[in-house]
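# Observations on chain architecture
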Amino acid sequence: MIGLLCFGLAVLASPFKSKLRLEAENAVLRHQLIVLRRRLHGRVRLTNNDRWFLIQLYRWFPSILKVLTIIRPETLIHWHRSGFRCYWRWKSRSLGGRPQIETGLRALIRQMSMENPLWGAPRIHGELLKLGFEVAQSSVAKYMVKRRGPPGQGWLAFLCNHAPDIAAMDLFVVPTIGFDLLYALVIVGIDRRDLAWITVTRNPTAEWVARQITEAFPWDEAPGYMIRDRDRIYGTIVTRRLRAMGIRDKPIAPASPWQNGFAERLIGSIRRECLDHVVILGEAHLRRILKSYADYYNRVRTHRSLNKDAPVSRPFQRTGALKSLPILGGLHHHYVRI
C-alpha cells in the first residue's frame with residue numbers, strides 16, 4: 001500500500017520535473033536493468049565503465065540517488081570521492097619544477113651538518129657559497145640531517161677539547177736476565193698520545209715518583225689533570241707535588257684498570273713491540289732500550305688515533321730516494337727519503 005502511494009505521488013510530481021532530470025533517471029533505470037540482465041549468478045558485478053557512467057550522472061543530477069536500487073547511495077558517493085582524489089593527485093603531479101641538486105652536493109651538505117652540529121642552514125649555505133656552490137638556502141635545509149633534540153657536541157668533540165690538559169701515568173714491572181725486578185714509570189699525554197716521560201728504577205718510592213713528575217713537565221706546561229691508579233706508592237708526597245704544580249689528582253676506581261686505558265695501552269705497546277723481544281741485562285740496559293723505543297714511538301711510529309701520524313707530526317716526503325734506518329737493532333725501521 002505504501003509503495004503504491006509513493007508511485008502515485010511520483011506520477012503526480014513527474015510533470016513538474018525538468019526533461020533532462022527525467023531522462024537522467026530513465027537512463028539510470030535502464031542501465032540498472034542492463035547490469036541485472038548481465039548477471040550470471042551471485043551478487044551483481046559492476047565494471048569500471050558502470051561506475052564511471054553512474055558517477056558522471058551523479059555529478060550532473062544528484063537526484064538519481066532516489067532511483068538507484070542495485071547499489072547503496074553511500075557506495076556511489078564513495079566512488080565519487082575516490083575519483084576526486086585520483087583526479088587531484090593527477091592534477092598536482094610534478095611537471096618538472098626546480099631541478100634536484102647533484103648527489104655529491106647533497107652528500108656534502110649532510111657531511112657538514114653531521115660534523116658541525118652547531119651549524120644551521122644559513123651557516124652551511126654560506127660555507128657552500130664560499131666553496132663555489134650555487135644552491136638555495138632552502139635546499140640546504142632540505143638535505144640537512146634532521147635531529148630530534150637540540151644541537152650539541154658529541155663525546156669525541158668533548159674529549160678532544162679537554163685532552164690537551166689531561167695526562168696519565170702508570171708503573172709496570174720488567175724482569176732481568178737474573179730474575180731481578182725493575183720498575184718503569186710512563187707518563188703519556190692524552191692529546192697526541194705522546195710518551196712524555198719514561199724512566200727506570202729498582203726501588204720505586206713516593207719521593208722518586210714525585211721527582212719524576214717534576215722532571216717530566218716544566219712548571220708552566222704542566223697538564224691540568226693526572227690520571228693514575230690507586231697504588232700505595234702514590235702517597236702524600238706525590239699528591240702534594242701534583243697540587244703544587246697545579247695538577248688535579250684523578251685516581252681511578254679500585255680494580256678498574258680500564259679507566260686508565262691510555263697508559264695501559266701504551267704499556268701494552270711497549271711490551272708487544274719491544275720488551276717481549278729483548279732479554280734485559282740490567283737497569284742501564286733497560287733504560288737505553290726504553291729511551292730508543294720512546295724516540296721511535298714519539299717521532300716515527302704512526303697511530304690510527306692520530307689519522308696515521310706520529311705524536312710528533314711527521315712531514316710528508318714525496319721526492320728523493322728511499323732509505324731504511326734500523327731502530328732497536330733492526331726490530332723496527334724508519335723509512336725516509338734523502
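Before reading further, recall that the structure is shown in the block above.
The structure displayed is predicted, hence computed values, not measured ones.

### Re helix α11 (residues 261-273)
At 3.6 residues per turn, the α-helix brings residues three or four places apart onto the same side. With 13 residues, α11 extends 18 Å from end C-alpha to end C-alpha; this agrees with the ideal 18 Å at 1.5 Å per step. Buried within α11 are the following residues: A263, L266, I267, G268, S269, I270 and E273. Looking at the packing, one finds that the buried side of α11 touches β1 (166-175), β2 (181-189), β3 (195-201), α12 (283-299) and β7 (332-337).

### Remarks on a nonpolar patch on the surface
A cluster of nonpolar side chains, F84, Y87, W88 and W90, forms an exposed patch at the surface whose accessible area comes to about 470 Å². Its place among the elements puts W88 in helix α4 (residues 73-91). On the basis of relative accessible area, W88 is assigned to the partly exposed category, the value being 38%.

### Some points on the nonpolar core
Ranked by internal contacts, the top residues of the largest apolar core, which has 30 residues, are F172, V186, I270, L275, L286 and L290. Within the residue set of this core, elements represented by two or more residues are β1, β2, β3, α11 and α12. Setting aside its immediate chain neighbours within four residues, L275 contacts F172, V174, I270, I280, L286, I289 and L290. Ranked by size, the runner-up nonpolar core spans 19 residues in total, among them A210, A216, V238 and L242.

### Some points on the sheet that holds β1
Taken together, 5 strands build an open sheet; the order of strands is β3-β2-β1-β4-β5 and the sheet is mixed. Edge positions in the sheet fall to β3 and β5 (248-251), since each of these pairs with one other strand and no more. Mean inter-strand twist for the sheet, computed between neighbouring axes without regard to direction, equals 20°. Bridge analysis of β1 against strand β4 (residues 225-228) gives 3 bridges, and the strand direction is parallel. Note that in β4 the partner of A168 across the bridge is I227. In the packing of α11 onto the sheet, the strands contacted are β1, β2 and β3, and the crossing angle to β1 comes to about 35°. Sheet strands touched by α12: β1, β2 and β3. Its angle to β3, the strand with the most contacts, is close to 170°.

Rules behind the numbers
- Residues numbered from 1 in each chain as written.
- Predicted model: local features only at pLDDT ≥ 70, side-chain atom pairs only at ≥ 80, totals over all residues.
- Heavy atoms only, no water.
- Helix = DSSP H or I, 4+ residues; strand = E, 2+ residues; numbered from the N terminus.
- Expected span 1.5 Å × (residues − 1).
- Buried < 20%, exposed > 50% of the residue type's maximum accessible area, 1.4 Å probe, protein only.
- Contact = heavy atoms within 4.5 Å.
- Patch = residues over 30% accessible without salt bridge, like charges linked within 9 Å, V, L, I, M, F, W, Y side chains within 5 Å.
- Areas by Shrake-Rupley, 256 points an atom, 1.4 Å probe, with all protein chains shown as cover.
- Salt bridge = Lys/Arg side-chain N within 4 Å of Asp/Glu carboxyl O.
- Core = buried A, V, L, I, M, F, W, Y, C linked by side-chain atoms within 4.5 Å.
- Pairing = 2+ DSSP bridges.
- Axes fitted to C-alpha atoms, helices over the stretch in contact; angles between N-to-C directions.

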